[in-house]
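Results of the structural survey
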Amino acid sequence: MFDYNETLEQARQRNIHDALMEDIGQNDWTAKLVPNKSVQAQLIVRQAAVLCGVDWFEGTLKKLDPNATVTWHYMEGDMMAPDTKVCDITADSRALLSAERPCINFLQTLSWTASITRQHVDAIAGASPNPQGCAVLDTRKTIPGLRQAQKYAVRVGGGQNQRLALWHGILIKENHIAAAGGIAAALKAAAELHSGVDIQIEVESFAELQEALAAGAKSILIDNFTTEQMKEAVTFTAGRALLEASGGINLDQMRAIAATGVDRISLGKLTKDVNAVDFSMRIL
């Protein structure tokens, strides 16, 4: 059943199919009220936001009208100004009306994720003493079915991805440690898999950090550490392992955490606390 790892393009096509299937099903009765002819429309954004989801928008529309054209006034990743035109559309009237909501649903969701990511990336600009800087990462706390899309939106916003999925990396958390018999045992078992993917272990105290380093950990997630504890962890680790801060971090804390010298900060809120960017489509 689960015999391959889905690519971004495969995920996008699945997203488009599912969005149209759930919204249209066998028929869009309301669209049949209008003449079947070519029309022009404009998409307006009502707030400042990072544009993300162009391929989902166009792919959804062209699934119903392969001859539709979309002329974008912003590029993917651009910051849009409030009450400005995002794109001009020419399409079959019925296809456009049927595709309107799924198209905007993708754009409003992915643009939000890109925007909130950009906000957190900008918050730590220039704050890190780490020669490699400090990266902003997402987590696997995503909307079911939209994992690849939301992870893509994080990248558009200037962030980086934690592992895409369970197949993409090994992250040893507290329950894995307990079941495996301890930190050293869990790391040993992970190494013996010869998986070819990154191995990271989560620690919740300075003692566990010491134990993980002694066991040869090269990537450590320090969960719910204070900023002072993070500084101590960075000093003690001295570059022997990559350190990633996590645990209910908010925007106001970002700059102070980056200043501790940790390598990465991961935030579930980038993909799980979803609002909608306000877009409006109007037929001319």
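Check the entry above for the structure.
Cut-offs and rules
Per chain, residues are indexed from 1 in the order of the written sequence. Local features in a predicted model are, by the rule used here, given only for residues with pLDDT of at least 70; side-chain atom pairs are given and counted only at 80 or more, and totals for whole chains, interfaces and linings are based on all residues. Excluding hydrogens and water, the side-chain figures rest on all heavy atoms present in the structure. Working definition: helices are DSSP H or I runs of at least four residues, strands are E runs of at least two. Numbering for both runs from the N terminus. Note on exposure labels: buried denotes an accessible area under 20% of the residue type's maximum, exposed denotes more than 50%, and partly exposed covers the range between, all computed with a 1.4 Å probe on protein chains only. The contact criterion used is simple: two residues touch if any of their non-hydrogen atoms lie within 4.5 Å. Accessibility throughout is a Shrake-Rupley quantity obtained with a 1.4 Å probe, and a residue counts as covered only by protein chains that appear here. The charge count includes Lys and Arg as positive and Asp and Glu as negative, but it does not include His or the ends of the chains. Note on charges: their place is set at NZ of Lys, CZ of Arg, CG of Asp or CD of Glu. Centres within 6.5 Å make a pair out of two Phe, Tyr or Trp rings, where for Trp the six-membered ring is used; the pair is then stacked when the planes are under 30 degrees apart, edge-to-face when over 60, and tilted otherwise. Over a ring means this: the NZ of a Lys or the CZ of an Arg is within 6 Å of the ring centre and within 35 degrees of the ring normal. We define a polar contact as two N or O atoms separated by no more than 3.5 Å, with the added condition that, inside protein, one atom must be a possible hydrogen donor and the other a possible acceptor, whereas residues neighbouring each other in sequence contribute only through side-chain atom pairs. Note: two strands are recorded as paired if DSSP finds a minimum of 2 bridges between them. The angle between two axes is taken between their N-to-C directions and runs from 0 to 180 degrees, where each axis is a line fitted to C-alpha atoms and a helix contributes only its stretch in contact. By nonpolar core is meant a set of buried Ala, Val, Leu, Ile, Met, Phe, Trp, Tyr and Cys residues that side-chain atoms within 4.5 Å join together.

**Digging into the overall build of the protein chain**
Assigned secondary structure in the protein chain consists of 10 helices and 12 strands. Across its three principal axes, the protein chain shows a C-alpha extent of roughly 70 × 45 × 25 Å. When burial is assessed residue by residue, the protein chain has 46% of its 284 residues classed as buried. Taking all contacts inside the protein chain whose residues are at least 6 apart in sequence as the whole, residues at least 24 apart take part in 70%. When the accessible area of the protein chain is evaluated, it comes to approximately 14100 Å², of which 51% is carbon and sulfur surface. Side chains of the protein chain carry 27 positive and 33 negative charges; the gap between the two charge centres is 2 Å.

**Describing the environment of tyrosine 4**
Structurally, the position occupied by tyrosine 4 is in the segment before helix 1 (8-24). Looking at tyrosine 4, the relative accessible area reads 55%, which means it is exposed. Placed 46 residues apart in sequence, tyrosine 4 and valine 50 show a C-alpha to C-alpha distance of 32 Å.

**Brief notes about the packing of aromatic side chains**
Here the structure, examined in full by the defined rule, presents three aromatic pairs. Ring geometry for phenylalanine 57 against tryptophan 72: centres 5.4 Å apart, planes inclined by 75°, an arrangement best described as edge-to-face. Of this pair, phenylalanine 57 sits in helix 2 (residues 54-64) while tryptophan 72 is found in strand 3 (residues 69-72), placing the two residues 15 residues apart along the sequence. Above the face of the tryptophan 56 ring, arginine 12 is positioned so that its terminal group lies 4.5 Å from the ring centre. It is arginine 240 that lies over the ring of phenylalanine 236; its NZ or CZ is 5.1 Å from the centre.

**A closer look at the environment of alanine 191**
Along the chain, alanine 191 falls in helix 6 (residues 183-192). For alanine 191, a relative accessible area of 43% puts it in the partly exposed group. Between the C-alpha atoms of alanine 191 and tryptophan 29, which are 162 residues apart in sequence, the distance is 57 Å.

**Things to note about the side chain of threonine 109**
Within the fold, threonine 109 resides in helix 3 (residues 93-123). Separated by 2.9 Å, the side chain of threonine 109 and the backbone oxygen of asparagine 105 make a polar contact.

**Considering the sheet that holds strand 8 (residues 198-203)**
In spatial order, the strands read 6-11-10-9-8-7; together these six strands make up an open sheet with parallel pairing. Each edge of the open sheet carries a strand with a single partner, namely strand 6 (135-137) and strand 7 (169-172). Looking at each pair of strands side by side, their axes are set apart by 25° on average, direction ignored. Bridge count between strand 6 and strand 11 (residues 264-266): three bridges; the pairing is parallel. Bridge assignment links alanine 135 to a residue of strand 11, and that residue is arginine 264. Relative to strand 8, helix 7 (residues 206-214) is tilted by about 155°, and along the sheet it contacts strand 8, strand 9 (219-223) and strand 10 (242-246).

**A short note on the nonpolar core**
Soluble, globular proteins show a tendency: their nonpolar side chains are buried together. Membership of the largest hydrophobic core comes to 62 residues, with the highest contact counts inside it found for Ile89 and Ile220. Top element by residues in this core is helix 3. It accounts for seven residues. Residue contacts for isoleucine 89: discarding those within four places in its chain leaves Val39, Gln40, Ala41, Phe57, Leu61, Thr69, Val70, Leu96 and Met281. Judged by nonpolar contacts, the second largest core, of 14 residues, contains Leu20, Trp56, Leu146 and Ala153.

**Looking at the sheet that holds strand 12 (residues 279-283)**
Taken in spatial order, the four strands make up an open sheet running 3-5-1-12, and their pairing is antiparallel. In the strand order of this sheet, the two ends are held by strand 3 and strand 12, each with one partner. Along the sheet, successive strands turn relative to each other by an average axial angle of 20°, direction set aside. Helix 2 rests against strand 1 (38-45), strand 3, strand 5 (84-92) and strand 12 of the sheet, and its axis sits at about 160° to strand 3.

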